[in-house]
Amino acid sequence: MKSRRPIPITDKPFPIWPKLLATSFGVGFLPVAPGTWGALLAIILWLPLYLWASPAMTFWITLTAAIAYTIAGTWASSESEKYWGKDPVAACADETVGQWISLLPLIPMSSPDSSPWWMIAVSLALFRFFDIVKPLGIRSMERLPRGYGMMADDILAGIYSVIIILIINHFII
């Protein structure tokens, strides 16, 4: 089982910016299930958009944030491996990105008449399921080097969550 606190593998101090980015602004240091905290941070940051912005603006800002944080998170996660070893548990930028991706299909449903709060919970549950169980090629993404592997498996978990949510939307809603 992974240690909750990363154990330094070097005496050099970890620079603050990559540390903040890799740990989703510190939530990776919270006790118990840092990946879930990273996903919950994504939802908390996304909710104001969902509640107050237009569906189109919410979609594009969410997609832009996911892409930008994928780039920054890949770099920061690669840096975290230099200080904490391979795939450190506190590095949860990948979960934040994956959760944002899994929220994308909820945005078209955003309107004053609809309130898919239960779909936000479904999005979180699906994303965490795919992230933890790692079926359908997700585990193989971890073999990519450095931060690429750390980010790629969660991006694919987010994409699989999108597919399931779209199926749910099509057949149930």
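The structure this text deals with has already been given above.
Quantities reported herein were computed from a predicted structural model and do not represent experimental measurements.

A. Region of interest: the side chain of Ser-161. As for its placement among the helices and strands, Ser-161 is situated in helix α7 (residues 146–171). For Ser-161, the contacting residues outside a window of four places in its chain are Ser-102, Leu-126, Phe-127 and Phe-130.

B. Quick look at the environment of Pro-135. Relative to the helices and strands, Pro-135 resides in the loop between α5 (117–133) and α6 (138–141). Exposure remark for Pro-135: the relative accessible area of 21% places this residue in the partly exposed category. Residues within four places of Pro-135 in sequence aside, it is in contact with Phe-130 and Tyr-160.

C. Inspection of the packing of helix α2 (residues 34–52) against α5 at higher detail. Between α2 and α5, the shortest axis-to-axis distance is 11 Å and the interhelical angle comes to 150°. In this view, α2 runs roughly antiparallel relative to α5, as classed from their interaxial angle. Seen along the crossing, α2 lies across α5 with a hand that is right-handed. Every residue of α5 that contacts α2 at Gly-35, Thr-36, Ala-39, Leu-40, Ile-43, Trp-46, Leu-47, Tyr-50 and Leu-51 is listed here: Trp-117, Ile-120, Leu-124, Phe-127 and Arg-128.

D. Here's a closer look at the packing of aromatic side chains. Under the defined criterion, the tally for this structure stands at 10 aromatic pairs. With a centroid separation of 4.9 Å and 25° between ring planes, the pair formed by Trp-46 and Tyr-50 is classed as stacked. Here Trp-46 pairs with Tyr-50, and both are found in helix α2, just 4 residues apart, close to one helical turn. The exposure class assigned to Trp-46 is buried, which follows from its relative accessible area of 1%. Ring geometry for Phe-130 versus Tyr-160: centroids 5.6 Å apart, planes at 55°, classification tilted. Taken as a pair, Phe-130 in helix α5 and Tyr-160 in helix α7 lie far apart in primary sequence, 30 residues in all. With a relative accessible area of 8%, Phe-130 lands in the buried category. The exposure class of Tyr-160 is buried, given its relative accessible area of 18%. Among the aromatic residues, those joined into a cluster by ring pairs are Phe-14, Phe-29, Tyr-83 and Trp-84.

E. Molecular detail of α5. In this model α5 runs 24 Å from its N-terminal to its C-terminal C-alpha over 17 residues, within 8% of the 24 Å that 1.5 Å per residue would give. Taken together, the buried positions of α5 are Met-119, Ile-120, Ser-123, Leu-124, Leu-126, Phe-127, Arg-128, Phe-130 and Asp-131. Positioned one or two residues after α5, Lys-134 has a phi angle of 60°, which is positive.

F. Here's a closer look at the environment of Pro-34. Position of Pro-34 among the secondary structure elements: in helix α2. You can call Pro-34 buried: its relative accessible area is 7%. Along the primary structure Pro-34 and Ile-71 are separated by 37 residues, whereas in three dimensions their C-alpha atoms are 20 Å apart. Beyond its immediate sequence surroundings of up to four residues, Pro-34 is in contact with Gly-28, Val-89 and Cys-92.

G. How the structure looks around the nonpolar core. Counting residues in hydrophobic clusters, the biggest one holds 34 residues, and the most contacted among them are Trp-46, Trp-100, Leu-103 and Leu-106. Of the residues forming this core, the biggest block, 8 residues, is contributed by α7. Beyond its immediate stretch of four places on either side in the chain, Trp-100 contacts Ala-42, Leu-45, Trp-46, Thr-62, Ala-65, Ala-66 and Tyr-69.

H. Here's a closer look at the pattern of salt bridges. Throughout the structure, instances matching the rule amount to 7 salt bridges. Measuring nitrogen to oxygen at the nearest pair gives 3.5 Å for the salt bridge that ties Glu-142 to Lys-134. Residue classification places Glu-142 among the partly exposed residues on the basis of a relative accessible area of 23%. We note a salt bridge from Glu-142 to Arg-139, for which the minimum N-O separation is 3.6 Å. On the accessibility criterion, Arg-139 (44% relative accessible area) is partly exposed. The network of salt bridges with common partners includes Glu-95, Arg-128, Asp-131, Lys-134, Arg-139, Glu-142 and Asp-153.

About the criteria used
- Residues numbered from 1 in each chain as written.
- Predicted model: local features only at pLDDT ≥ 70, side-chain atom pairs only at ≥ 80, totals over all residues.
- Heavy atoms only, no water.
- Helix = DSSP H or I, 4+ residues; strand = E, 2+ residues; numbered from the N terminus.
- Contact = heavy atoms within 4.5 Å.
- Buried < 20%, exposed > 50% of the residue type's maximum accessible area, 1.4 Å probe, protein only.
- Axes fitted to C-alpha atoms, helices over the stretch in contact; angles between N-to-C directions.
- Parallel < 35°, antiparallel > 145°, perpendicular 65-115°, else oblique.
- Left-handed = near helix turned anticlockwise from the far one by under 90°.
- Phe/Tyr/Trp six-rings, centres within 6.5 Å; stacked < 30°, edge-to-face > 60°.
- Expected span 1.5 Å × (residues − 1).
- Core = buried A, V, L, I, M, F, W, Y, C linked by side-chain atoms within 4.5 Å.
- Salt bridge = Lys/Arg side-chain N within 4 Å of Asp/Glu carboxyl O.

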